[in-house]
Amino acid sequence: MNRSLLVSYTPLIEYEEAWDKQKELVKAISDGQQQEHLLLLQHPPTYTIGSQQHPEHLLLSPEQLKEQGISLVKIDRGGDITFHGPGQLVGYPLLLLDGEHGLDLHGYLRNLEQVIINYLAQFGIEGSRKPEYTGVWVGDVKITAIGVKFNKCRHRRGFVTSHGFAFNIKSGIQNEGFRGIIPCGIEEYGVTSLEDVTGKTFTVEQVAHDIIPYFNEVFGYESIWEDVNA
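Heads up: these notes are all about the structure in this document. All of these numbers come straight from a predicted model, not from anything done at the bench. (Residues numbered from 1 in each chain as written. Predicted model: local features only at pLDDT ≥ 70, side-chain atom pairs only at ≥ 80, totals over all residues. Heavy atoms only, no water.)

### Structural notes on unusual backbone geometry
Rules: We count a stretch as a helix when DSSP gives it H or I for four or more residues in a row; a strand needs E for two or more, and each element gets its number in order from the N terminus. Relative accessibility thresholds used throughout: buried, under 20% of the residue-type maximum; exposed, over 50%; partly exposed, between the two (1.4 Å probe, protein chains only).
Here His163, not a glycine, exhibits a phi torsion of approximately 60°, which is positive. With respect to the helices and strands, His163 occurs in strand 11 (residues 159-168). By relative accessible area, His163 is classed as buried at 2%.

### Looking at the nonpolar core
Buried together is how nonpolar side chains tend to be arranged in soluble globular proteins. Note the threshold: The definition of a nonpolar core used throughout is a set of buried Ala, Val, Leu, Ile, Met, Phe, Trp, Tyr and Cys residues joined through side-chain atoms within 4.5 Å.
Core analysis: the largest hydrophobic core is formed by 36 residues, its most contacted members being Leu40, Leu89, Leu120, Phe167 and Phe215. Contributions of two or more residues to this core are made by strand 1 (3-10), strand 2 (37-41), helix 3 (105-121), strand 9 (133-138), strand 10 (141-152), strand 11, helix 5 (204-210) and helix 6 (212-219). Per element, the largest residue contribution to this core is eight residues, and it comes from helix 3. Core analysis: the second largest hydrophobic core is formed by 18 residues, Ala18, Trp19, Leu25 and Tyr92 among them.

### As for the sheet that holds strand 5 (residues 81-84)
Basically, it comes down to this: Strands qualify as paired when DSSP identifies two bridges or more between them. Orientation is described by lines fitted to C-alpha atoms, with helices fitted over the stretch in contact, and by angles between N-to-C directions that extend from 0 to 180 degrees. Contacts are residue-level and defined by heavy atoms, with any inter-residue pair within 4.5 Å sufficient.
Spatially, 4-3-5 is the arrangement adopted by the three strands of the open sheet, whose pairing is mixed. Taken across any chain shown, the strands that pair with only one partner, and hence form the sheet edges, are strand 4 (71-74) and strand 5. Strand after strand, the sheet turns through a mean of 25° between neighbouring axes, direction not considered. Summarising the sheet, strand 3 (residues 46-49) and strand 5 pair through four bridges and their orientation is antiparallel. The residue bridging Thr48 from the neighbouring strand is Thr82, located in strand 5. Strands strand 3, strand 4 and strand 5 of the sheet are contacted by helix 1 (residues 15-30), whose axis makes an angle of about 30° with strand 4.

### What about the pattern of salt bridges?
The following threshold applies: Only one rule defines a salt bridge in this text: a Lys or Arg side-chain nitrogen within 4 Å of an Asp or Glu carboxyl oxygen.
Under the definition given, this model contains seven salt bridges. Asp31 is the partner of Lys27 in a salt bridge, and the nearest nitrogen-oxygen pair spans 3.5 Å. Residue classification places Lys27 among the partly exposed residues on the basis of a relative accessible area of 44%. For Arg110, the salt bridge goes to Glu113, with nearest N and O atoms at 2.7 Å. Highlighted residues: Arg110 and Glu113, both in helix 3, separated by three residues, approximately one helical turn. A relative accessible area of 0% places Glu113 in the buried class. Look at the salt bridges and you will find they share partners, linking Lys27, Asp31 and Arg154 into a network.

### Observations concerning the environment of Val218
Within the secondary structure, Val218 is located in helix 6. A relative accessible area of 21% places Val218 in the partly exposed class. C-alpha separation for the pair Val218 and Asn118, spaced 100 residues apart in sequence, amounts to 9.0 Å. Residue contacts for Val218: discarding those within four places in its chain leaves Asn111, Gln114, Val115 and Asn118.

### Some points on the pairing of strand 3
Of the two faces of strand 3, both are covered, the one formed by Thr46 and Thr48 as well as the one formed by Tyr47 and Ile49. With four bridges connecting them, strand 3 and strand 4 associate as parallel partners. Paired with Thr46 across the strands is Ser71, a residue of strand 4.

### Quick word on the pairing of strand 1
Most of strand 1 sits inside the fold, with seven of its eight residues counted as buried. Both strand 1 and strand 13 (residues 221-225) contribute to a ladder of five bridges, which runs parallel. Bridge pairing links Arg3 to Tyr221 in strand 13. Here strand 1 pairs with strand 2 via five bridges, running parallel. Within the sheet, the bridge partner assigned to Thr10 lies in strand 2 and is Leu41.

### Quick notes on the side chain of His37
Let me state the cut-off plainly: Counted as a polar contact is a pair of N or O atoms within 3.5 Å, where, for protein atoms, one must be capable of donating a hydrogen and the other of accepting one, and residues adjacent in sequence contribute only when both atoms are in side chains.
Within the element layout of this structure, His37 appears in strand 2. Engagement of the side chain of His37 in a polar contact is seen with the backbone oxygen of Gln35, the distance being 2.9 Å. Each residue touching His37, except ones within four places of it in the same chain, is listed here: Leu5, Leu6, Leu25, Ile29, Tyr92, Pro93, Leu94, Leu95 and Glu226.

Structure, rendered in structure tokens:
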């Protein structure tokens, strides 16, 4: 029997507000006071720098960041610098990885990639992995960045996941915030979007709903949609 997963979609939320929400849910799930969640959302233009800490991969000065209205946040996930902004579906799975439900941390990353790969396949698009990098690629351009944190449970064996994936949906997103950074520190490859690789038009909310069956299939959940405005 599949586990239940609460899923919500928020059209636009500040990065730090969503990060605080993740921290609250990690604690509650760890303590057995909340069921597992998948937060789907969009952020206003934001650069996040992960634990690798390579400030040289940010190509804009503080003055340029202010002029362009892009926030900069140092966070506790793995990885380097990346961009979040409108037109991108961000997913934060808050899942319990324990002895009963599996403790394969490497496998968790591969499963996140597989969700996107399976979703792309319906359009005849071959999503792939690069052995040296985390994320999903179409040819030599990245369509989904992945960076996660495994939060050790306080009163039981296991971890609760946080952070997650950033799936580029709208055409042209690679010409916006990604120009101001070396994404994930990777200089030799670029980024792309779902609209660019399929030639179709999507809304981010549409993709948020359509991707859930693929998430459920890979991870073994039964999803329950939660109205964040209730």
